[in-house]
Amino acid sequence: MSDTTSQLSAEVREALAERRPVVALESTIIAHGLPRPRNLAVAQELEALVRSGGAVPATVAVLDGRPHVGLAKHQLERIAEDDSVRKLGHRDLAPALAAGASGATTVSATAFLAARAGIRVFATGGLGGVHRGWTETQDESADLRLLARTRITVVCAGVKSILDVPATLQRLETLGVGVLGYGTERFPGFYLASSGEPVDWTVRTPEEVAAVMSAQETLGGPEAALIVANPVPEAEQLDPVLHDQVLAEALAECEARGVAGQAVTPFLLEHLMRRTGGASLEANLAAVRGNVRLAARIAAAL
Ligand code: PSU
Ligand code: MN
């Protein structure tokens, strides 16, 4: 598929043309999910991790109304530092392009733009999903439905534990999105190694993931994503007791303040970070690093 709307960096374009491994990275985690100035250092570190895994990093964002796949140094700095950078889900792309706006892309917008550019593997922290209290708010991340119709493999530490995890897994099943536990029989819990929920399929090597991807291609049919759920190492997870306690407070605070829509996820992540004295941030980063390393190995195995 030729993609003339997006600006591919020269490095990404050449790698794709020569069928070398490329890993897409999202930018919302950088602009809205991590504190400054650490966010820029993390963005650069994640790109370096992809490179040391033998793949080319393609961080995705929208700059001045143009989607970019693969950012130059100053572009990555802008995403990390500029206050006017918005949060763009898939549905926000067209208005952002028309308005000439700049924004960081969520999982839904990143997966869409990356797949469109011909990238097969994407790494992030934790997917969005069905929020607790869904029966009242109907808050379900656009990530899920977009992944139901986009052929890309997403390496993540499960879905954010601020969500209703069993309901999210149920939605993924309904939507026909495949879920593989990587080296685990339990669905990971983002900050925690396990959410306690079972997964139906377990793989243990990048080659096994690549085999599932090629079987998806052979089968054809709806172009759904494949989720590779890779747990944070237990030694680096957030203390589960602290997690449950602080999360309950964060959810109550979110409701009391009437935080809604796109602001909910950044609010909860920030609250957890403050109330765990930064421990949730370390667990989040450990999870993301592990996912980025694994994504590079999967891209190389293809
Ligand atoms: N993973 C992280 N931190 C984040 C996110 C993922 O470790 O901030 C972002 C992703 O961009 C994801 C978004 O798509 O949170 C979900 O937001 P929402 O719940 O508003 O759809
Ligand atoms: Mn939402």
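For the structure itself, consult the block above.
Notes on the structure follow. In every chain, residue numbers begin from 1 and rise along the written sequence. Chain letters start at A and ligand numbers start at 1, both assigned in the order the entries are written. Where totals are concerned, whole chains, interfaces and linings use all residues; where local detail is concerned, this predicted model gives features only for residues with pLDDT of at least 70, and gives and counts side-chain atom pairs only at 80 or more. In computing side-chain properties, one takes all heavy atoms of the structure into account and sets aside hydrogens as well as water.

This part takes up the environment of leucine 25. Mapping leucine 25 onto the fold places it in strand E2 (residues 22-25). Given the relative accessible area of 4%, leucine 25 is considered buried. Considered as a pair, leucine 25 and alanine 80 are 55 residues apart in the sequence and their alpha carbons are 14 Å apart. Among all residues touching leucine 25, those that are not within four sequence positions of it are Leu46, Glu47, Val50, Pro57, Ala58, Thr59, Val60, Thr110, Phe122, Ala123 and Val292. A run of H or I in DSSP counts as a helix once it spans at least four residues, and a run of E counts as a strand once it spans at least two, with each numbered from the N terminus. To sort residues, take the accessible area from a 1.4 Å probe on protein chains only and compare it with the maximum for the residue type: under 20% means buried, over 50% means exposed, and anything in between is partly exposed. Every residue pair with non-hydrogen atoms within 4.5 Å of one another is taken to be in contact.

The buried fraction of strand E9 (residues 178-182) amounts to four of the five residues, a majority that puts the element mostly inside the structure. With four bridges joining them, E9 and strand E11 (residues 226-229) adopt parallel strand pairing. Within the sheet, the bridge partner assigned to glycine 181 lies in E11 and is alanine 229. Two strands are said to pair when DSSP picks up at least two bridges between them. Relative to strand E10 (residues 201-203), E9 runs parallel, the two sharing three bridges. Its bridge partner being in E10, tyrosine 182 is matched across the sheet by valine 203.

Helix H13 (residues 279-301) packs onto helix H3 (residues 38-52) with a crossing angle of 25° between their chain directions and a minimal axis gap of 8 Å. In terms of their interaxial angle, H3 and H13 are classed as roughly parallel. Helix-helix and strand crossings are classified by hand; for H3 and H13 the assignment is right-handed. Two secondary-structure elements touch here, H3 through Arg38, Val42, Glu45, Leu46, Leu49 and Val50 and H13 through Leu281, Glu282, Leu285, Val288, Arg289, Val292, Arg293 and Ala296. Residues of the contact of H3 with H13, tallied by class, amount to nine nonpolar, no polar and five charged. Structural elements are reduced to axes, namely lines fitted to C-alpha atoms, with helices fitted over the stretch in contact, and the angle between N-to-C directions of any two is expressed from 0 to 180 degrees. Roughly parallel means an angle under 35 degrees; roughly antiparallel, over 145; roughly perpendicular, 65 to 115; everything else is oblique. Throughout, a crossing is termed right-handed when the near helix is turned clockwise from the far one, and left-handed when it is turned anticlockwise from it by less than a right angle. Just so you know the grouping, Ala, Val, Leu, Ile, Met, Phe, Trp, Tyr, Cys and Pro go in nonpolar, Asp, Glu, Lys and Arg go in charged, and all remaining residues, Gly too, go in polar.

The pairing of strand E1 (residues 7-8) with strand E4 (residues 66-69) spans two bridges and is parallel. Among the inter-strand pairings, glutamine 7 is bridged to a residue of E4, identified as histidine 68. Both strand E3 (residues 56-63) and E4 contribute to a ladder of four bridges, which runs antiparallel. Bridging across to E4, valine 60 finds its partner in valine 69. Once E3 ends, the chain turns through two residues before running back antiparallel as E4, passing aspartate 64 with a positive phi of about 50°.

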